[in-house]
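Okay, here's what each chain looks like letter by letter:
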Amino acid sequence: GENVEQHPSTLSVQEGDSAVIKCTYSDSASNYFPWYKQELGKRPQLIIDIRSNVGEKKDQRIAVTLNKTAKHFSLHITETQPEDSAVYFCAAYSGGGADGLTFGKGTHLIIQP
Amino acid sequence: SAVISQKPSRDICQRGTSLTIQCQVDSQVTMMFWYRQQPGQSLTLIATANQGSEATYESGFVIDKFPISRPNLTFSTLTVSNMSPEDSSIYLCSVRRQSANYGYTFGSGTRLTVV
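Let us look at the structure shown here. (Residues numbered from 1 in each chain as written. Chains lettered and ligands numbered in written order. Predicted model: local features only at pLDDT ≥ 70, side-chain atom pairs only at ≥ 80, totals over all residues. Heavy atoms only, no water.)

In this section: the sheet that holds strand S8 (residues 72-77) of chain A. Residues and elements named next belong to chain A. The 5 strands are arranged S1-S3-S8-S7-S6 in an open sheet whose pairing can be described as antiparallel. Each of the sheet's edge strands pairs with one partner strand only, and the pair in question is strand S1 (4-7) and strand S6 (56-59). When strand polarity is set aside, the average angle formed by the axes of neighbouring strands in this sheet is 15°. Pairing geometry for S6 and strand S7 (residues 62-67), over 4 bridges, is antiparallel. Note on S7: the bridge partner recorded for Glu-56 is Thr-65. (Pairing = 2+ DSSP bridges. Helix = DSSP H or I, 4+ residues; strand = E, 2+ residues; numbered from the N terminus. Axes fitted to C-alpha atoms, helices over the stretch in contact; angles between N-to-C directions.)

So, about the pattern of salt bridges. Using the criterion set out here, one finds 3 salt bridges over all chains in the structure. We note a salt bridge from Lys-57 of chain A to Asp-49 of chain A, for which the minimum N-O separation is 2.8 Å. By relative accessible area, which is 7% here, Asp-49 of chain A ends up buried. The salt bridge involving Asp-87 of chain B is made with Lys-65 of chain B; its shortest N-O contact spans 2.6 Å. Of this pair, Asp-87 of chain B sits in the loop between strand S8 (75-80) and strand S9 (89-96) while Lys-65 of chain B sits in the loop between strand S6 (56-57) and strand S7 (68-72), and the two are 22 residues apart along the sequence. Judged on exposure class, the residue Asp-87 of chain B and its partner Lys-65 of chain B are both buried. (Salt bridge = Lys/Arg side-chain N within 4 Å of Asp/Glu carboxyl O. Buried < 20%, exposed > 50% of the residue type's maximum accessible area, 1.4 Å probe, protein only.)

Turning next to the interface of chain B and chain A. Each partner contributes residues to the interface: chain B has 20 residues there, and chain A has 17 residues. Together, the buried faces of chain B and chain A total about 1,600 Å²; carbon and sulfur atoms form 54% of this surface. Where chain B meets chain A, there are 0 salt bridges. Joining chain B to chain A, the criterion identifies 6 residue pairs in polar contact (both at pLDDT 80 or more). Going through the elements one at a time, strand S4 (31-37), strand S5 (43-49), S9 and strand S10 (104-106) of chain B are the ones with two or more residues in the side of chain B that touches chain A. The biggest single contributor to the side of chain B that touches chain A is S4 of chain B, with 4 residues. Classifying every residue of the side of chain B that touches chain A by side-chain character gives 11 nonpolar, 7 polar and 2 charged. (Contact = heavy atoms within 4.5 Å. Buried area = accessible area lost by both parts, 1.4 Å probe. Polar contact = N/O pair within 3.5 Å; in protein donor to acceptor, adjacent residues only side chain to side chain. Nonpolar A, V, L, I, M, F, W, Y, C, P; charged D, E, K, R; others polar.)

This part is about the environment of Val-87 of chain A. Residue and element names in this part refer to chain A. In this structure, Val-87 sits in strand S9 (residues 86-92). We classify Val-87 as partly exposed; its relative accessible area is 25%. For Val-87 and Ala-63, which are 24 residues apart along the polypeptide, the C-alpha to C-alpha distance reads 17 Å. Ignoring any residue separated from it by four or fewer positions in sequence, one finds Val-87 in contact with Tyr-36, Lys-37, Gln-38, Gly-106, Thr-107 and His-108.

All right, on to the environment of Ile-50 of chain A then. All names here are of chain A. Locating Ile-50 in the fold gives a position in strand S5 (residues 45-51). Between the alpha carbons of Ile-50 and Tyr-88 there is a distance of 15 Å; along the sequence they are 38 residues apart. In this view, Ile-50 contacts Asn-31, Tyr-32, Phe-33, Gly-55, Glu-56, Lys-57, Val-64 and Leu-66; residues no more than four positions away in its chain are not counted.

Mapping Gln-22 of chain B onto the fold places it in strand S3 (residues 19-25). The contacts of Gln-22 of chain B, once residues within four sequence positions are left out, are Ser-5, Gln-6, Lys-7, Trp-34, Phe-75, Ser-76 and Thr-77 of chain B.

Residue and element names in this part refer to chain A. A one-sided burial pattern is seen for strand S11 (residues 107-112), the buried positions being Thr-107, Leu-109 and Ile-111 and the unburied ones His-108, Ile-110 and Gln-112. As judged from the 5 bridges shared by strand S2 (residues 10-14) and S11, these two strands associate in the parallel manner. Each bridged residue has a counterpart across the sheet, and for Thr-10 the counterpart in S11 is His-108. Pairing geometry for S9 and S11, over 3 bridges, is antiparallel. Paired with Ala-86 across the bridge in S11 is Leu-109.

Now the structure itself:
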């Protein structure tokens, strides 16, 4: 089945700087890659996603890039703000007999004031 | 996105007992899933709840321990059976609408503590 690796596990950046979180996946059939933000005690919230027919997608300060050949995708957050502090999870969907998402282990993003 | 109501939001249970968690969606959805999130960890898929048929379980999860029902396209239950402290986790329901946009949405979760 699919395996998703996520790095780093913890990322601390100064407010206003950029943050980058990277994920790799193993199943070349995977075709959908969402990113979730989870604040303490809350449910995971979808913040951006990308499909395999697209190389990059941007939504205001958040962008995701996908390299299908290398089987990796990244989340980019620019001009970070204190409210960006949370745990971020990448995930992959490969379809077929497994319709659920496979998640990375998460990155704890800390925005230093 | 779909509005998901999950209950109970939390519970403290004695070992050896069972707890049933309910997931209600505000509209019909094609796919419903159950995930487990152990403290400080990522989300692990337990099973896909299939309407009108037996759930599809992921490796490491079995029906006797986590029986699932899905009587219609808006409701599902997950039972955690014969609980032990190792079952202490957050259990989350998730849905995916039948559309070109996959859009997986999560319920608010059930925080289970087994003592």
